[in-house]
Amino acid sequence: MINNEEICGPIELSDSGKKLSRFISKNWRTKLLLSNWRGGTAANWHSNFLGKHLKELIKDPVLKDTLSNFTNNKKYKIWRSNIFYKRPGFPYKGINWHHDKHFQENDRDIDFREIGTHISLLIAISNIDKQTGIFRYIPGSVKSSEIKRNISPSHLKSKKDHFKPIIEDFDYDKNSKSLEIKDGNFIVFHSALIHGSAAATSIEKGRMGIVLRLIKRDKKVSDKLLKGSPCLDI
Ligand SMILES: [Fe+2]
């Protein structure tokens, strides 16, 4: 298990959390929700009919402890949420390198050194491994002075700057680490951490993960950035 100021996990949910995550992944409502999206992504599901299960899942004692230790903060709200799904029988290309901090500010430049206002949480509700598309990240990328990134917030730059956030030549693969996250485990990470996922090596297995963006409860999000995704206190 990794535990530093950039990333913590994988950590196993409590037994009740694992039961609930299994319920969510197998539930017909989840499948229905995901079937409406071509890419197998359900955005902002905390504000739809699955929200009550998410509210319950986020109360998991192991998860809560990890969150408060990670940034010394106990009060968060969910700002955005997704379920990502790779259907069995179909290839998975992976997710290109990016960080999640693009979205934090409205008009101000992004401060990559700041930690705690905005953190990312990934809960594996299937095995996330080599076969299904392993999680990858660049250690040291949060504070690296070598890595030059576009510091404008997301809506003030071109979409291509969201992925491959490093402007100059950089060997991502050479500098990356892979992290297997077993079904029922989670990781939390600094939202400026550069991360992505590798292509699946097998098409047979499915891959499902819950991704949450959490921000401190007292952080005000502008209406422009909320875009139909109301914040949910946890
Ligand atoms: Fe991400």
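Just above sits the structure.
Scoring rules and cut-offs
- Sequence positions are assigned chain by chain, starting from 1 and proceeding in written order.
- Under the rules for a predicted model, residues below a pLDDT of 70 receive no local features and side-chain atom pairs below 80 are neither given nor counted, while totals for whole chains, interfaces and linings still include all residues.
- Derived side-chain values reflect all non-hydrogen atoms in the structure, with water molecules and hydrogen atoms excluded from consideration.
- Put simply, DSSP H or I for four residues or longer makes a helix, DSSP E for two residues or longer makes a strand, and each gets a number counted from the N terminus.
- When accessible area is computed with a 1.4 Å probe and restricted to protein chains, residues below 20% of their type maximum are described as buried, those above 50% as exposed, and intermediate ones as partly exposed.
- Only heavy atoms enter the contact rule, under which two residues are in contact if any of them lie within 4.5 Å.
- Methods summary: accessible areas were calculated by the Shrake-Rupley approach with a probe of 1.4 Å, and residue burial reflects only the protein chains presented.
- Any Lys or Arg side-chain nitrogen located within 4 Å of an Asp or Glu carboxyl oxygen qualifies as a salt bridge.
- For the purposes of these results, a polar contact is taken to be a pair of N or O atoms within 3.5 Å, where, inside protein, one atom must be able to donate a hydrogen and its partner to accept one; residues adjacent in sequence count only when each atom of the pair is a side-chain atom.
- Strands are treated as partners if at least two bridges between them are detected by DSSP.
- In this analysis an axis means a line fitted to C-alpha atoms, helices contributing only their contacting stretch, and an angle means the value between N-to-C directions, from 0 to 180 degrees.

**Let's talk about the overall build of the protein chain**
At step 1: The helix and strand inventory of the protein chain stands at six helices and 12 strands.
At step 2: Out of the 234 residues in the protein chain, the part that is buried amounts to 54%.
At step 3: Long-range pairs, those at least 24 residues apart, make up 85% of the contacts in the protein chain with a sequence separation of at least 6.
At step 4: In the structure as shown, the protein chain presents an accessible area of about 11900 Å², 50% of it carried by carbon and sulfur atoms.

**Brief notes about the pattern of salt bridges**
At step 1: Across all of its chains, the model carries six salt bridges by this definition.
At step 2: A salt bridge links K18 to E12; its shortest N-O distance comes to 2.7 Å.
At step 3: Overall, the relative accessible area of 45% leaves E12 in the partly exposed class.
At step 4: Residues joined by salt bridges that share partners form a network here, namely E12, D15 and K18.

**Focus: the side chain of S14**
At step 1: Within the fold, S14 resides in the loop between strand 2 (7-12) and helix 1 (15-26).
At step 2: S14 sits in the buried class, given a relative accessible area of 15%.
At step 3: For S14, the side chain forms a polar contact with the side chain of S16, separated by 3.2 Å.
At step 4: In this structure the side chain of S14 is engaged in a polar contact, spanning 2.6 Å, whose partner is the side chain of D60.

**As for the sheet that holds strand 5 (residues 95-98)**
At step 1: Reading across the sheet, the four strands line up as 5-10-7-8 and stay open at both edges, with antiparallel pairing between neighbours. The open sheet terminates on both sides in strands that have one partner only, identified here as strand 5 and strand 8 (177-179). Looking at each pair of strands side by side, their axes are set apart by 25° on average, direction ignored.
At step 2: Two strands pair when backbone bridges link them, and strand 7 (residues 135-137) and strand 10 (residues 195-197) are joined in this way by three bridges, in the antiparallel orientation.

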